[in-house]
Every structure is written in structure tokens, then in C-alpha cells.
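# Structural overview
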Amino acid sequence: MDVTIKVRRYDPEAENPESYWQEFTVAAEDKSTVLDALIKIREDMDGTLSLRCSCRSSICGSCAVRVNGQARLACKTQVSEVSGPDNAIVVEPAGNMGTIKDLVVDFGTFWDKIVAIEPYLQPQGPEPEGEYLASNESMLHLSAVTACIMCGCCVSDCTVLEVDPTFLGPAALAKAYRFTADPRDGDAGGVSKERLEKLGQVTGMWDCTRCAECVEVCPKGIAPMERIMALREQAMAAGFNNCNGARHAEVFVDLVAHSGRLDELRLPVKTVGITNIPALMGFLPVGIRAFTHGKMPPIIHKKIEGAHNVQKLVEKLEKPEKV
């Protein structure tokens, strides 16, 4: 079948470098991938088209692009899967990273953030006579995280990075969890508090908004958001509760337990504290926008019917029964 590939192009060496769209009509077979189509364009139609690819087997991660607005590995995405009724596909460079040329993006900040989380084991305490051992159970748990191929799909579609480029991002934080969950890192059988303290700083684990976009687009099922949530649990268990992120989580649960649903007006106040006037004033622009768009939560917050059942559920989750 003939498929129209609409590619976002960018040439930094042009007289007036600006991105633009260019369409190509490609004859694709039933099992052709988007990468097959892009290579055919480059080889047979326009040799100036720039893209990255290597293994063509979903191993190297170099062919990550946005297809129809969502990050994907071009080699893993079949044309028939995304072409739609009009036999058209939109291909753009991965998001949240600067474009070098056409579909090639700059991974410089991506790798800087990986380096920032110190991606290597840091055992503490006396050195064993033999190897640093880890149980089979713990390594099976970590196998899901170590399957990451660093393709950048999660970073591309992270909604926090769109507004705050300094956020560590899902790839780096998931990589950090690979070490905090390794029993060989930190104290014997424990978690390195130094790691968690650094990861809990501004632009770290608490800045994730739990939109789940990284989970949706990850081609290897790493589920970065779930790893970030696990990091938060580790941090709170280690005693790092005196920050807005930790207090937000605790207040969220308390408010839901009290009335059966979230009191959105009290949540920011109880999180930062009633006496923290500068922080509270920082929420004012958000409140004004919510009001002008008709999304202001009710001023009078009422309990739902059966709120006591929610309270019992929260208590059970916080203090599970021993089996």
C-alpha cells in the first residue's frame, strides 16, 4: 500500500533555519516499519533526510522519534499500526531535546542527567572477602529496570520537562532506582541515604506529576513513573519527610481519609504551612487561572457518604494485617 509520511524537517545550515513539513509517498508492505519507510525515503527519494538507526531490533534505542505525536521506536512501529484510515503518518524528532537536524536530536542533557545520579554501585561498610552478593529475588526485581535501552522515549514525552528542563526526568530517576533498590549499594542490605537526599532535592523525584506518559511510551516496559514512586517511598522510609513533596503525599492521604475525597483548597496550605506566606503567594497565579477557567474547587468541602469506610481502608493500607 502507498503511505504518506509527513516528516518535520530542520536544516541548521539553511539561510533561515526553521522547521518545516515535507511529505513523501512510500510503497509499504504489510509488515513494513516506520523505520523501513524512513530509510526508503533517505535512500531513494531524499538523501538529505537525517535520522538515527542501528540495530533495527528494538535493542539500541537510537531510532526513537515521535510518531503521530507520541514517542516510539521507529523500528518497532509497523506502518499498518499507525497509518490510520487516510494512510498518513506524522513523524517528528523526539521531544524535550534540541533538534540537531531533521529527526536527529541532541542527547547531551539526557546523558548529563544520567551522570548526575551517579550511575554506579557505591557499597559502604567493610569490604567482603569475596564478592558483593545480591539475592536472586532482588536481581529478578531489578531486571525490569536494567532492561532500559536509554532510547529517550520517556524523556521525549515527559510533561514536566516541557515546562522545566532542569527536572532530572524519568530516565535518570528510573536509573537511580536501579541502584537504590540494589542491596549491594549503600550500607549492607540498606539504601544509601546520600543518594536519596540528593534525589529529593529540587528538580528531583518529587517534581514528577504522575501523568504516566513515560509508562505509556516506554518500549521496554520499564514503567519509570512507578520507579519514581518507589524512590519516594524509600526516601520517606529513610526519614526524608521534611520537604514539600513528602508533606504533599502525607497531607493528600490525610485529607482523603478525613472526608473521602480530596480537599484541593486545603492541600497546598497544609503542604507548605499556613505561616509560609511566600510559598502560598506562589500558588496565587495557579488559583487565578483555575478560577478564570471555571476549575476552582468548591470552597465548602463536605464529606462523602460513607467517609468512615475510606478511613478504615486507609488505616488498613497503612497498617496491613500480618498473615
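Look above for the structure.
Scoring rules and cut-offs
- Residues numbered from 1 in each chain as written.
- Predicted model: local features only at pLDDT ≥ 70, side-chain atom pairs only at ≥ 80, totals over all residues.
- Heavy atoms only, no water.
- Phe/Tyr/Trp six-rings, centres within 6.5 Å; stacked < 30°, edge-to-face > 60°.
- Buried < 20%, exposed > 50% of the residue type's maximum accessible area, 1.4 Å probe, protein only.
- Patch = residues over 30% accessible without salt bridge, like charges linked within 9 Å, V, L, I, M, F, W, Y side chains within 5 Å.
- Areas by Shrake-Rupley, 256 points an atom, 1.4 Å probe, with all protein chains shown as cover.
- Salt bridge = Lys/Arg side-chain N within 4 Å of Asp/Glu carboxyl O.
- Helix = DSSP H or I, 4+ residues; strand = E, 2+ residues; numbered from the N terminus.
- Lys, Arg positive; Asp, Glu negative; His and termini not counted.
- Charge placed at Lys NZ, Arg CZ, Asp CG, Glu CD.
- Polar contact = N/O pair within 3.5 Å; in protein donor to acceptor, adjacent residues only side chain to side chain.
- Disulfide = S-S within 2.5 Å.
- Axes fitted to C-alpha atoms, helices over the stretch in contact; angles between N-to-C directions.
- Parallel < 35°, antiparallel > 145°, perpendicular 65-115°, else oblique.
- Contact = heavy atoms within 4.5 Å.
- Pairing = 2+ DSSP bridges.
- Core = buried A, V, L, I, M, F, W, Y, C linked by side-chain atoms within 4.5 Å.

This next bit is on the packing of aromatic side chains. One pass over the full model with this rule turns up two aromatic pairs. Taking the centre distance of 5.0 Å and the plane angle of 85° together, the rings of phenylalanine 110 and tryptophan 111 count as edge-to-face. We classify phenylalanine 110 as buried; its relative accessible area is 5%. Here a set of aromatic residues connected by ring pairs shows up, and it is made of Phe107, Phe110 and Trp111.

With that settled, the discussion passes to a nonpolar patch on the surface. Together, Ile277, Met281, Leu284 and Ile288 line one region of the surface with nonpolar side chains, adding up to about 390 Å² of accessible area. Counting only elements with at least two residues in the nonpolar patch, the list comes to α13 (277-282) and α14 (284-292). Note that isoleucine 288 resides in helix α14. For isoleucine 288, a relative accessible area of 47% corresponds to the partly exposed category.

This part is about a negative patch on the surface. A surface patch of like charges, here negative, comprises Glu250, Asp254, Glu315 and Glu318. Every element with two or more residues in the negative patch is listed here: α11 (244-259) and α15 (307-318). By the element assignment, glutamate 315 lies in helix α15. The class for glutamate 315 is partly exposed, based on a relative accessible area of 43%.

Checked against the element boundaries, aspartate 185 lands in the loop between α7 (170-180) and α8 (193-199). Of the polar contacts made by the side chain of aspartate 185, one reaches the side chain of arginine 195; its length is 2.8 Å.

Counting across every chain of the model gives zero disulfides. With no disulfide of its own, cysteine 75 has cysteine 63 as its nearest cysteine by sulfur position, at a separation of 3.6 Å. With relative accessibility at 11%, the residue cysteine 75 sits in the buried group. Looking at cysteine 158, it has no disulfide partner, and the nearest cysteine sulfur is the one in cysteine 211, 6.1 Å off.

Our next topic: the packing of α11 against α15. Between α11 and α15, whose axes approach to 6 Å, the crossing angle comes to 140°. With respect to α15, the axis of α11 lies oblique. In this structure, α11 contributes Val253, Val256, Ala257, His258 and Ser259 to the contact, and α15 contributes Ala307, Val310, Gln311, Val314 and Glu318.

On to unusual backbone geometry. For threonine 203, which is not a glycine, the phi torsion comes out positive at approximately 75°. By secondary structure assignment, the location of threonine 203 is in the loop between α8 and α9 (213-217). In this structure, alanine 223 is a non-glycine residue whose phi angle is positive, near 55°. Relative to the helices and strands, alanine 223 resides in the loop between α9 and α10 (224-237).

Overall, mixed pairing links the five strands, which are arranged β2-β1-β5-β3-β4 in an open sheet. Both edges of this open sheet fall to β2 (20-27) and β4 (70-73), since each of them pairs with a single strand only. Each neighbouring strand pair of the sheet contributes to a mean axis angle of 35°, computed without reference to strand direction. Summarising the sheet, strand β3 (residues 64-67) and strand β5 (residues 88-92) pair through two bridges and their orientation is antiparallel. Residue pairing across strands places arginine 66 opposite glutamate 92, the latter belonging to β5. The sheet strands contacting helix α1 (residues 34-45) are β1 (2-9), β2, β3 and β5, and the helix crosses β2 at an angle near 100°.

Before going further, it helps to spend a moment on the pairing of β5. Where β1 lies against β5, four bridges are found, and the strand directions are parallel. Within β5, the position partnered with lysine 6 by the bridge is valine 90.

If you look at the biggest cluster of nonpolar residues, it comprises 36 residues, and the most contacted ones within it are Phe110, Leu173, Leu199, Met205 and Leu231. Only α3 (108-116), α4 (136-146), α5 (153-156), α6 (159-163), α7, α8 and α10 provide two or more residues apiece to this core. Here this core takes six residues from α10, the largest share from any one element. Ignoring anything within four residues of it in the chain, the contact list for leucine 199 reads Ile117, Leu168, Leu173, Ala176, Thr180, Gly204, Met205 and Leu231. Residues Val7, Leu35, Leu38 and Leu73 belong to the second largest nonpolar core, which totals 31 residues.

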